[in-house]
Each structure stands twice: as structure tokens, then as C-alpha cells.
Amino acid sequence: MSSDTHLTDLSLRLLGRAFDQLDPEERRVVQAIADRAPTSRDAADLDDAQAGFGDRLADRVAAVGGSWSFIVIFALILFGWMLLNSGVLERWGMAFDPYPYIFLNLMLSTLAAVQAPIIMMSQNRQAAKDRLSASVDYEINLRAELEIMRLHEKIDQMRLAELVEKVDALHARLAEGDRDPRAS
């Protein structure tokens, strides 16, 4: 029997559809069952293998920008900037960005304009990772369900074979009883 025929037979028996009519996840599961190979894969490893430099950079920027340590350090820098330009350097007439801190506002606007799309890229990547993880989970659940169905099938076949043996044994005993003169 060819591999394609075996896969089609297996998919028809397990899922009720031909192999070429299955979704990619279902195909991988049927192929893994046919090959007796594991189905489970680590979604994070798969995603990391596909991630480019920009993706990893966006994740790191989002991780740093979304942390309390960033907020505390950034607040300290802002207060230091304001203190330096309002009090210390202004006394000597050397304040390079006096109140209303126009240069500081420009820097904050620039940071927000750059940081927001980077964080959105990271969120989009996380959503793609979540979809991949859901797909892998679906494959594993489908594999488990199909394997349980196959086990039920095997148990049913074993019980049927056992019943057939018992019926044959009963027939043999009955046939012996018909021939035995002592049975009358």
C-alpha cells in the first residue's frame, strides 16, 4: 500500500475526510500518527526560530519600556532634567532648556512616537505567537482524541475477538454434547 493511500485511509477512518481535504494542522496530526512520531512542539521555540532581528529588538524594547524599573529611572531622569534646568543651571544663567522645557517636550514626543509603534510590533508578534500556540495545542488535542478513538477501536476489536472465541467454544461444546450419548 502506498504512503498516500495509507494516509487517505487513515484520515478517512479517523476524521471522515480524505487526506487532501484536511486542514494543515489535521494533516500534520494524521502524518504523525502514520509515522508514529510525536505531535507536540514548543510554540515559543517555533516562533523564536522565525523571529528576525527587528522582532527580537521590538520584544526587548517592549519588555524594558513596560517595566517598573523603566518608569522609575525615566521619572528620575525627568525630575533631574527639570531640577537641573530650573534650579541649578538657571542660577548661573546656563540653563539650556528653561521652563517650559520645550526641548524636553520635543524629546518626550519623539520617544513616544518611536516607542508606540515598537510596542505595537511586539504586541502583534505576541498575538502571532498566541495563534501559533493555539494551533499547536489544537494539534496535540486532536492527536490525543484520535489516539483515544484508536484505542477504543482496538479494545472493541479485542472484545469482539474474545466474544467470537467464547461463542466458538460454546458451539464446540454444544456440538460435542449432541454427539455424546451420555448427554441424553
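Relevant structure appears above.
Residues take numbers from 1 onward in each chain, read along the sequence in its written order. Where local features are concerned, this predicted model is filtered to residues with pLDDT of at least 70; where side-chain atom pairs are given and counted, the filter is 80 or more; whole-chain, interface and lining totals use all residues. Only hydrogens and water are set aside when side-chain values are computed; all heavy atoms of the structure are taken into account.

Turning our eyes to something else, we now look at the overall build of the chain. Think of it this way: any DSSP run of H or I at least four residues long counts as a helix, any run of E at least two long counts as a strand, and we number them from the N terminus. In terms of regular secondary structure, the chain is built from 6 helices and 0 strands. From first element to last, N terminus to C terminus, the chain shows the α and β order α-α-α-α-α-α. Over its C-alpha atoms, taken along the principal directions, the chain stretches across nearly 130 × 35 × 20 Å. Partly exposed residues are those whose accessible area sits between 20% and 50% of the maximum for their type, while under 20% is buried and over 50% is exposed, using a 1.4 Å probe and protein chains only. By residue count, 21% of the 184 residues in the chain fall in the buried class. Throughout, a residue-residue contact means that at least one pair of heavy atoms, one from each residue, lies within 4.5 Å. Taking all contacts inside the chain whose residues are at least 6 apart in sequence as the whole, residues at least 24 apart take part in 55%. Calculation of accessible area relied on Shrake-Rupley with a 1.4 Å probe; when residues are assessed, cover is drawn exclusively from the protein chains displayed. For the chain, the accessible area works out to roughly 13500 Å², and carbon and sulfur atoms hold 62% of it.

This part is about the packing of aromatic side chains. Note on aromatic contacts: the rings of Phe and Tyr and the six-membered ring of Trp form a pair at centre separations within 6.5 Å, being stacked when their planes are under 30 degrees apart, edge-to-face when over 60 apart, and tilted otherwise. Scanning all chains against the criterion turns up 4 aromatic pairs. Geometrically, the ring pair formed by phenylalanine 70 and phenylalanine 74 is stacked, given 5.4 Å between the ring centres and 15° between the ring planes. With phenylalanine 70 and phenylalanine 74 both in helix α5 (residues 68-91), this residue pair falls 4 residues apart, about one helical turn. Note on phenylalanine 74: relative accessible area 24%, which makes it partly exposed. With a centroid separation of 5.2 Å and 85° between ring planes, the pair formed by tryptophan 81 and phenylalanine 96 is classed as edge-to-face. Residue tryptophan 81 is located in helix α5, and its partner phenylalanine 96 is located in the loop between α5 and α6 (102-179); the two are separated by 15 residues in the primary sequence. Among the aromatic residues, those joined into a ring-pair cluster are Trp81, Phe96 and Phe103. The ring of phenylalanine 19 has arginine 27 lying over it, and the distance from NZ or CZ to the ring centre is 5.9 Å. We count a charge as sitting over a ring when the NZ of a lysine or the CZ of an arginine lies within 6 Å of the ring centre and within 35 degrees of the ring normal.

Attention shifts here to the nonpolar core. Nonpolar cores are built from buried Ala, Val, Leu, Ile, Met, Phe, Trp, Tyr and Cys residues. Side-chain atoms within 4.5 Å join them into one set. Core analysis: the largest hydrophobic core is formed by 10 residues, namely Leu7, Leu10, Leu14, Phe19, Leu22, Val29, Val30, Ile33, Leu142 and Leu146. Breaking this core down by element, the ones donating at least two residues are α1 (3-15), α2 (24-35) and α6. Other than its neighbours up to four places away in sequence, phenylalanine 19 contacts Leu7, Thr8, Ser11, Arg27, Val30 and Gln31.

The subject of this paragraph is the side chain of glutamine 115. Position of glutamine 115 among the secondary structure elements: in helix α6. Each residue touching glutamine 115, except ones within four places of it in the same chain, is listed here: Gly65 and Phe70.

Here serine 135 lies in helix α6. Not counting residues within four places of it along the chain, the set of residues in contact with serine 135 comprises Glu25 and Arg28.

Now for the pattern of salt bridges. One side-chain nitrogen of Lys or Arg within 4 Å of one carboxyl oxygen of Asp or Glu is enough to make a salt bridge. Applying the stated criterion across every chain, the model contains 9 salt bridges. Taking the shortest distance from any N to any O, the salt bridge between arginine 28 and glutamate 139 comes out at 2.7 Å. Placement of arginine 28 in helix α2 and of glutamate 139 in helix α6 is noted, with a sequence separation of 111 residues between them. For arginine 28, a relative accessible area of 36% puts it in the partly exposed group. For glutamate 139, a relative accessible area of 2% translates into the label buried. Between glutamate 147 and arginine 143 there is a salt bridge whose closest N-O contact spans 2.9 Å. Of this pair, glutamate 147 and arginine 143 both sit in helix α6, separated by 4 residues, roughly a single helical turn. According to the relative accessible area criterion, arginine 143 is buried, its value standing at 14%. Here the salt bridges share partners, and the residues they tie into one network are Asp47, Asp59, Arg125 and Lys129.

Read these as spatial facts, not as claims about activity.
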